[in-house]
Amino acid sequence: MTTLDGNVLAGRLADTFGWDATAADARCATCGAHGPIAIAVVYATRMGVVARCGNCDGVLATFVEAADGRAWFGMPGISALEITRWTPESESPA
Amino acid sequence: MSFITRGFSSRRGERDPRLPPGQSLVTDWPVLSAGPTPEVDPADWEFVVRTENGAHSWNWDELHALGVEDIITDIHCVTHWTKLEMPWRGVPLDKIWESVETEHDYVMAHSYGGYTTNVPVEHLLDGKSWIAFEADGAPLDPEHGGPARLLVPHLYFWKSAKWIRGLVTMPSDEAGFWEQNGYHLRGDPWLEERYW
Amino acid sequence: MTSRRPATWHVATVVDSRNETPTARRIELDVPTWPGNDAGSHVDVRLTAPDGYQATRSYSIGSAGEGTRIVLAVDEVPEGEVSPFLVHELRAGDQLELHGPLGAFFVWTPPPPAPGETPRPVQLIAGGSGVVPLYAMAAAHAESGDATQFRLLYSVRTPEDVFFRDELTALTVAEPALRLDIVYTRRAPPDWPTPPARVTRDRLQAAALPAASRPRVYVCGPTPFVEAVAGWLIDAGHRPGDVRTERFGGS
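In this report, the structure presented in the accompanying data block is examined. (Residues numbered from 1 in each chain as written. Chains lettered and ligands numbered in written order. Predicted model: local features only at pLDDT ≥ 70, side-chain atom pairs only at ≥ 80, totals over all residues.)

## Some points on the interface of chain C and chain A
The extent of an interface is frequently quoted as the accessible surface area lost upon association of the parts.
And step 1. With 21 residues of chain C in contact, the opposing surface of chain A contributes 19 residues.
And step 2. At the level of secondary structure, the elements contributing two or more residues to the side of chain C that touches chain A comprise strand S6 (95–102) and strand S11 (243–247) of chain C.
And step 3. With three residues, the single largest contributor to the side of chain C that touches chain A is S11 of chain C.
And step 4. Broken down by class, the residue content of the side of chain C that touches chain A amounts to eight nonpolar, 10 polar and three charged. (Contact = placed C-beta atoms within 7 Å. Helix = DSSP H or I, 4+ residues; strand = E, 2+ residues; numbered from the N terminus. Nonpolar A, V, L, I, M, F, W, Y, C, P; charged D, E, K, R; others polar.)

## Thoughts on the sheet that holds strand S7 (residues 122–127) of chain C
Either a parallel or an antiparallel arrangement is found when strands of a sheet pair, and the pairing is made through backbone hydrogen bonds.
All names here are of chain C.
And step 1. Strand order in the open sheet formed by five strands is S9-S8-S7-S10-S11, with parallel pairing between adjacent strands. Sheet topology places strand S9 (178–184) and S11 at the edges, where each strand pairs with a single neighbour. Sheet twist, expressed as the mean angle between neighbouring strand axes with direction ignored, is 10°.
And step 2. In the sheet, S7 pairs with strand S8 (residues 150–156) via six bridges, with the strands oriented parallel. (Pairing = 2+ DSSP bridges. Axes fitted to C-alpha atoms, helices over the stretch in contact; angles between N-to-C directions.)

## Details of the packing of helix H2 (residues 131–144) of chain C against helix H3 (residues 165–172) of chain C
All names here are of chain C.
And step 1. Running from N to C, H2 and H3 cross one another at 40°; their axes reach a closest spacing of 11 Å. Taken as axis vectors, H2 and H3 run oblique relative to one another. For the pair H2 and H3, the crossing hand works out as left-handed. Along its contact with H2, which presents Tyr135, Ala138, Ala139 and Ala142, the element H3 presents Glu167, Leu168 and Leu171.
And step 2. For the contact of H2 with H3, a count of residues per class yields six nonpolar, no polar and one charged. (Parallel < 35°, antiparallel > 145°, perpendicular 65-115°, else oblique. Left-handed = near helix turned anticlockwise from the far one by under 90°.)

## Considering unusual backbone geometry
And step 1. With an omega dihedral of 15°, the bond running from glycine 146 of chain B to proline 147 of chain B counts as a cis peptide bond.
And step 2. Tracing the sequence through the fold places proline 147 of chain B in the loop between strand S9 (138–139) and strand S10 (149–151).
And step 3. Of note, the amide linkage connecting glycine 100 of chain C to proline 101 of chain C takes the cis form, showing an omega dihedral of -5°.
And step 4. One can find proline 101 of chain C in strand S6.
And step 5. Even without being glycine, glutamate 79 of chain C reaches a positive phi, approximately 65°.
And step 6. Its identity is not glycine, yet phenylalanine 164 of chain C carries a phi of approximately 50°, on the positive side.
And step 7. Summarising the element assignment, phenylalanine 164 of chain C is placed in the loop between S8 and H3.
And step 8. Residue classification places phenylalanine 164 of chain C among the buried residues on the basis of 22 C-beta atoms within 10 Å. (Buried ≥ 20, exposed ≤ 12 C-beta atoms within 10 Å, placed from the backbone.)

So, in structure tokens, the structure goes:
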């Protein structure tokens, strides 16, 4: 079966975090490699979506959706996710 | 709030009274993957059962020597498809368990490639499960879990771990991969135990 | 975290749906709540069946800007769940649920003016329907009057399979001009100087901007195409951070 990349997670991440985190830097808890979520290797089937590290194949995150509207977001392999609150060139922190 | 999309209908197969609730009949065999397909040569293959008392391992020929039997069984995927009366060949876990001593009531199944799933020991024994090598009259394709997979057909098929490598007994039930990420700990299709 | 254009769910109405290629439809949607979108963005389209079953798929937007009309160009995936419906069943007046705009990573916006600096050129590489977000980038580039050098290498099976053909042709004579290289892989037009052939490492090298120009590269198309091209780009000296990819699955 063919893989996709983390770009397809944008909608699910926006539903989870309230913003599109595909450009956010994530660190793989298995091997330490980091990069934007957009470059994760994604396996998508009706079981759910599994995002894996392109360096070591370790599972970064999972999305599972039930037919009754419940959904689960797992982040077993992301040790931390960088979020940009502000940048020096733009505004000062609130 | 979602609305019904004009002209869109779900493509599920036919309903059939022989099926568990929410399942539809299919005649093909869908492949669902959570990661890359491992390539394991039977010459290098090993199956291990590890308990609190030690470990026992079998290579390909040793496991086959325990006695391979023919099975006809239905399989039910949590993604709503069911295949009826599918022919399989494998070694029953009952034969394997003759070499196992444990007080533990649960196992974690481990696969080549890292997949895990948890099963209570009572759901493996008394003719309920096999280590399977053939399906539909042919050796298992790697994409379907070959060279060998766990076959526990009375539970949802994510419990039938592809590329099985071994079982580790546990004193309490702990969640494997899908169970950690939203799926039911036990997975009985007749009770529709799909999710948490 | 705030965003200029937060992703939300919208109800879109189909304004127009017409054949784009023998296997694809161009669908124009009116989305009254649309906040506008950057070039390269996509939407998730969610369909709901009468029994409650839902299927969601992502589609790149072939347009960019501040308006409330967006254009999708959907290629039919054989045995697909959503694309056959969008290509064969959907008609003007129908409504669709959309989630967007999405795509914080695979987008292009005109760079801020940096006096005295030459902007880095942009190399777009498209495989089949992967041209949709890249066309949106090329169109946004022309609209902005931005002086950056833009090139598009577009791999496509036959002349009938070219998406946005008229629009791409117009961009090649606009100011600033898009440099367009089409590679036909199965059948070329009768007067074509090169016989049909897939993009190879050498073909890519000949048509694309070299690593020495330090282009920003965007590659989009079926997964095997994207991975082959990205590999060749890295081998040719482009830095991984300079190459952005979007995989469409398929073969």
